[in-house]
Amino acid sequence: MTIKGKVALVTGAGQGIGRGIALRLAKDGADIAVVDINTDKMAEVAAEIEELGRKATTFKADVSARAEVYAAVEHTEKTLGGLDIMVNNAGIAQVDPIADVTPEDVELILKINIQGVLWGIQAAAAKFKSLGHKGKIINASSIAGHDGFEMLGVYSATKFAVRALTQASAKEYANDGITVNAYCPGIVGTDMWVEIDKRFSELTGAPIGETYEKYVGGIALGRAQTPDDVAALVSYLAGPDSDYITGQAIITDGGIVYR
Ligand SMILES: NC(=O)c1ccc[n+]([C@@H]2O[C@H](COP(=O)([O-])OP(=O)(O)OC[C@H]3O[C@@H](n4cnc5c(N)ncnc54)[C@H](O)[C@@H]3O)[C@@H](O)[C@H]2O)c1
């Protein structure tokens, strides 16, 4: 069983994990709406999807703006003929000791990481219902959504919140045939980790690269995670083999956090 012929929207698909998910779902046979705030990167990913023989469209949307997320969903239906899978992947990290967090920091990260996922759930579920069919909603949480990580306290709080939204919306939308799940990656070598490592370095004086290597050194399977590793779980959650799973926040981390 496959997702051939389905339509998927992936937020934050311009790079990193979102790009990996978009390409994997295209390889699985879906047409993809690439949504991001970075138009140049979106265009590159769309071209890669078309090279795989699938249709792609791009739409610039800031996930923290509810109207923009709804517009992205409308655009997807109009250009790709429907919507079956919504991946609320876009997110940002912030590295700060609890003592230094400012109201501005909190406002920004809550808007993107929590509200961005909430608007994505709302907009996708409303679209699935108006189209009269079931659907899959898949949200980005993290191992930091299961354990609070030091210097990543507010980020961790947002990823715990994604698990809460995933569980509540799974219950609310179950009767509509909509499943809602989350993926919880570990240490993925994307630009996000380049920035996290740099900020740790500023705060602790650790040489560049040391924090990343320290975290990777703690992974049981002995290597950093790739976007493809994450995309493999999302592919499963997007496909029919996971039809009986809902409300779960599944860890894919090579062995860091055990639940
Ligand atoms: N990298 C990791 O180790 C890791 C681990 C666990 C969870 N995650 C989560 O996975 C997701 C993707 O992470 P990544 O490592 O690929 O990050 P990344 O920073 O490499 O890429 C994020 C993408 O999202 C886009 N984006 C940022 N803010 C946006 C907004 N407001 N609206 C729309 N697009 C926006 C960026 O332009 C970028 O293309 C995030 O939710 C992150 O919290 C990452």
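Refer to the structure presented above.
This structure is a prediction, so every number in the text was calculated from the model and none was measured.

Colleague: A description of the pattern of salt bridges should follow, citing residues and the corresponding values.
Modeller: By the definition in use, this model includes 14 salt bridges. Residue Arg24 pairs with Asp28 through a salt bridge whose shortest N-O separation is 3.0 Å. Within the structure, one salt-bridge network assembled from shared partners comprises Glu74, Glu77, Lys78 and Lys127.

Colleague: I'd like a description of the packing of aromatic side chains, backed by residues and values.
Modeller: With the rule as written, the count across this model stands at four aromatic pairs. Ring centres of Trp193 and Tyr212 lie 5.7 Å apart, and the angle between their planes is 55°; this geometry places the pair in the tilted category. Here Tyr212 lies in helix α7 (residues 210-217) and Trp193 lies in helix α6 (residues 191-204), a separation of 19 residues in the sequence. An aromatic cluster of three or more residues is present, and its members are Phe149, Trp193, Phe200, Tyr212 and Tyr215. Looking at Arg163, its charged tip hangs above the ring of Phe160, at a distance of 5.4 Å from the centre.

Colleague: Please give an account of unusual backbone geometry that cites residues and values.
Modeller: At Met151, a position not held by glycine, the phi torsion is positive, near 70°. In this structure, Met151 sits in the loop between β5 (135-140) and α5 (153-173). In this structure Met151 comes out as partly exposed when scored by relative accessible area, which is 23%.

Colleague: Give me the lowdown on the site of the ligand, citing residues and values where you can.
Modeller: Inspection of the region around the ligand gives 28 residues, with Ile17, Asp36, Asn89, Tyr155 and Thr190 positioned closest. One of the backbone nitrogen or oxygen atoms of Val63 is found 3.0 Å away from a nitrogen atom of the ligand. Measuring from an oxygen atom of the ligand, one finds a backbone N or O atom of Val188 at 2.8 Å. Relative to its unbound accessible surface of 830 Å², the ligand loses 93% to contact with the protein. When contributions to the shell around the ligand are tallied by element, the ones reaching two or more residues are α1 (16-27), α5 and α6.

Colleague: Could you give an account of the pairing of strand β3 (residues 56-60), with specific residues and numbers?
Modeller: Bridging between strand β2 (residues 31-36) and β3 involves five bridges; their strand directions are parallel. Note on β3: the bridge partner recorded for Asp36 is Lys60. Taken together, β2, helix α2 (residues 39-51) and β3 form a β-α-β motif whose crossover is right-handed.

Colleague: Give a description of the side chain of Asp253 that names residues and reports values.
Modeller: By the element assignment, Asp253 lies in the segment after β7 (249-252). Buried charged residue Asp253 carries no salt bridge. Nearest counter-charge: Arg259, at 8.5 Å. A distance of 2.8 Å separates a polar atom in the side chain of Asp253 from the backbone nitrogen of Gly255. Engagement of the side chain of Asp253 in a polar contact is seen with the backbone nitrogen of Val257, the distance being 2.8 Å. Not counting residues up to four positions away in its chain, the partners in contact with Asp253 are Ile143, Pro185, Gly186, Ile219 and Gln225.

Each value, and the rule that gives it
- Residues numbered from 1 in each chain as written.
- Predicted model: local features only at pLDDT ≥ 70, side-chain atom pairs only at ≥ 80, totals over all residues.
- Heavy atoms only, no water.
- Salt bridge = Lys/Arg side-chain N within 4 Å of Asp/Glu carboxyl O.
- Phe/Tyr/Trp six-rings, centres within 6.5 Å; stacked < 30°, edge-to-face > 60°.
- Helix = DSSP H or I, 4+ residues; strand = E, 2+ residues; numbered from the N terminus.
- Lys NZ or Arg CZ within 6 Å of the ring centre and 35° of its normal.
- Buried < 20%, exposed > 50% of the residue type's maximum accessible area, 1.4 Å probe, protein only.
- Near = heavy atom within 4 Å.
- Polar contact = N/O pair within 3.5 Å; in protein donor to acceptor, adjacent residues only side chain to side chain.
- Areas by Shrake-Rupley, 256 points an atom, 1.4 Å probe, with all protein chains shown as cover.
- Pairing = 2+ DSSP bridges.
- Right-handed = clockwise from strand over helix to strand, strands pointing away.
- Lys, Arg positive; Asp, Glu negative; His and termini not counted.
- Contact = heavy atoms within 4.5 Å.

In short, shape yes, function no, at least from these values alone.
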